[in-house]
Amino acid sequence: MMADSNQTVPPEWSRFPAVTLAGMNELEDRIPQIRALGIEVVSIDGPVAVSRLPYQEKLVGDPETGVMHGGVITTQIDNLCAVALHSRIGHYVPCVTIDLRVEYLKPAAPGLAVHVRAECRKVTRQVAFIAATAWNEDENDPIAFASCTYMLLPERESTISGSGD
Amino acid sequence: MTTTIVDAVKAARESGDYQSVLESIPYMKFLGLVVEPDAAGPICRMPGSDHIIGNPVLPAIHGGVVGALLESTAIMHIMWSHESLHVPKIINLTVEYLRSARVVDTYAQAVITKQGRRIANMRVEAWQADRTKPVAAAHAHFLLPREEE
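As the structure is a prediction and not an experimental result, all values here were calculated from the model.

Cut-offs and rules
- Residues numbered from 1 in each chain as written.
- Chains lettered and ligands numbered in written order.
- Predicted model: local features only at pLDDT ≥ 70, side-chain atom pairs only at ≥ 80, totals over all residues.
- Helix = DSSP H or I, 4+ residues; strand = E, 2+ residues; numbered from the N terminus.
- Rg over C-alpha atoms; globule rule 2.2 N^0.38 Å.
- Buried ≥ 20, exposed ≤ 12 C-beta atoms within 10 Å, placed from the backbone.
- Contact = placed C-beta atoms within 7 Å.
- pLDDT = per-residue confidence, 0-100.
- Nonpolar A, V, L, I, M, F, W, Y, C, P; charged D, E, K, R; others polar.
- Pairing = 2+ DSSP bridges.
- Axes fitted to C-alpha atoms, helices over the stretch in contact; angles between N-to-C directions.

J.: So what about the overall build of chain B? Which residues, and what values?
T.: Secondary structure assignment for chain B yields four helices and eight strands. Along its sequence from the N terminus, chain B presents helices and strands in the succession α-α-α-β-β-β-β-α-β-β-β-β. Here the C-alpha radius of gyration of chain B, 15 Å, is about what a compact globule of 149 residues would show, namely 15 Å. When burial is assessed residue by residue, chain B has 46% of its 149 residues classed as buried.

J.: So what's going on with the overall build of chain A? Which residues, and what values?
T.: In terms of helices and strands, chain A carries three helices and eight strands. For chain A, the succession of helices and strands along the chain, N to C, is α-α-β-β-β-β-α-β-β-β-β. Across its three principal directions, the C-alpha atoms of chain A cover 50 × 35 × 25 Å. The 165 residues of chain A split such that 43% are buried. Within chain A, contacts between residues separated by at least 24 positions form 67% of all contacts whose residues are at least 6 apart in sequence.

J.: Run through the confidence of the model for chain B, naming residues and quoting values.
T.: Residue and element names in this part refer to chain B. For chain B, per-residue confidence averages 93 on the pLDDT scale, and residues scoring 70 or more make up 95% of the total. Here helix α1 (residues 4–15) stands out as the element of chain B with the lowest mean pLDDT, 90, in contrast to strand β2 (residues 43–46), whose mean of 98 is the highest. Both scores are available for the predicted complex, with the pTM at 0.93 and the ipTM at 0.93.

J.: Any details on the confidence of the model for chain A? Residues and values, ideally.
T.: For chain A, mean pLDDT is 91; residues scoring 70 or higher make up 91% of the total. When the criterion is pLDDT under 50, residues 161–165 of chain A qualifies, and its contacts beyond four places in sequence or with other chains add up to seven contacts.

J.: Account for the interface of chain B and chain A, naming residues and giving values.
T.: At the interface, 37 residues of chain B touch 33 residues of chain A. Contributions of two or more residues to the side of chain B that touches chain A are made by α1, α3 (26–30), β3 (53–55), α4 (63–80) and β5 (89–97) of chain B. At nine residues, β5 of chain B tops the list of elements feeding residues into the side of chain B that touches chain A. Among the residues making up the side of chain B that touches chain A, the classes are represented as 19 nonpolar, 14 polar and four charged. Pairing between strand β5 (residues 95–104) of chain A and β5 of chain B: five bridges, direction antiparallel. Opposite V102 of chain A, over in β5 of chain B, you have L93 of chain B as the bridge partner.

J.: Residue-level account of unusual backbone geometry, with values.
T.: The step from L58 of chain B to P59 of chain B runs through a cis peptide bond, and the omega angle for that step is -15°. Note that P59 of chain B resides in the loop between β3 and β4 (60–61).

J.: Tell me what's going on with the sheet that holds β5 of chain B, and back it up with residues and numbers.
T.: A sheet is described by the order of its strands in space; here 12 strands give the open sequence β1(A)-β2(A)-β6(A)-β7(A)-β8(A)-β5(A)-β5(B)-β8(B)-β7(B)-β6(B)-β2(B)-β1(B), paired in antiparallel fashion. The sheet is open, and its two edges are formed by β1 (40–45) of chain A together with β1 (34–36) of chain B, each paired on a single side. Averaged over all pairs of adjacent strands, the angle between strand axes in this sheet comes to 20°, irrespective of strand direction. Where β1 of chain A lies against strand β2 (residues 48–53) of chain A, five bridges are found, and the strand directions are antiparallel.

J.: So, the environment of Y27 of chain B: which residues are in play, and what are the values?
T.: Mapped onto the fold, Y27 of chain B is located in helix α3. Y27 of chain B sits 59 residues away from H86 of chain B along the chain, and the two C-alpha atoms are 15 Å apart. The residues touching Y27 of chain B, leaving out its near neighbours within four places in the chain, are K58, L59, V60, G61, H69, G71 and V72 of chain A.

J.: If you had to explain the pairing of strand β8 (residues 136–143) of chain B to someone new, which residues and values would you point to?
T.: Residue and element names in this part refer to chain B. Relative to β8, β5 runs antiparallel, the two being bridged by eight bridges. Residue pairing in the sheet places T94 in a bridge with H139 of β8. Direction of pairing for strand β7 (residues 119–127) relative to β8: antiparallel, over a ladder of eight bridges. Counterpart to V124 in the pairing with β8 is A138.

Structure, rendered in structure tokens:
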């Protein structure tokens, strides 16, 4: 793993609330689409975050096989990349996705939860680069690889409604 | 294994109405997608709704959902273009996010940029009120079934 742990956090980022796992899941719960998919952030540790999405019939993309729609995993990955970025920085700096590439190595197994691990590999003042892997039961048997680029918007007001309460 | 989707695609090729194909795919139904016929291929419309929001403050549609709309539109296009009676398997998808997607009607339409025997290269664009100002664009590869039954 090649985390850029030597970087310092610019002072203008510290004005945003500090990241905790409990706070992260509270925040996730305020995002309607994340709540609708039932995504839970399982762990955050520096630049690395892991989330879990339970298998659900309503998320099936191929009724002949019961495999969940690729778009569900795209959403789980996009969301977790922001989580990893925030965990890496330690503060909820507003950000937006500018580019996301997902490689679907094999179909997600019907009936099983999807886990994603995202790692923020590099942060500059304006851009962050995050890599992610998805799997069902065995991280060494991945179902998807992804790379994601986020733009940081520290000049924007916090996008966290009611944060810090 | 149910063959509902194959029956639905066959029926749609007769009638030209692909909404029942879309509704046999649970996640597309979950997003509330509506197929609007067009000579160049199906236009998928995603109505603005609370459960697709990714940023409640702006508010804006979740980026992953925009990706899902683009992928779904490519899938519908492949089934519409007589390339597959089944849901084609996605190989990869690259999404460029161009503008914040407001929580209003979002449209997407795909083109097949290269058609091989086994693989289709797709380009998809999503827009809202103004088609000349896309909110996102994607290119993707899909694996086609070896034959049409």
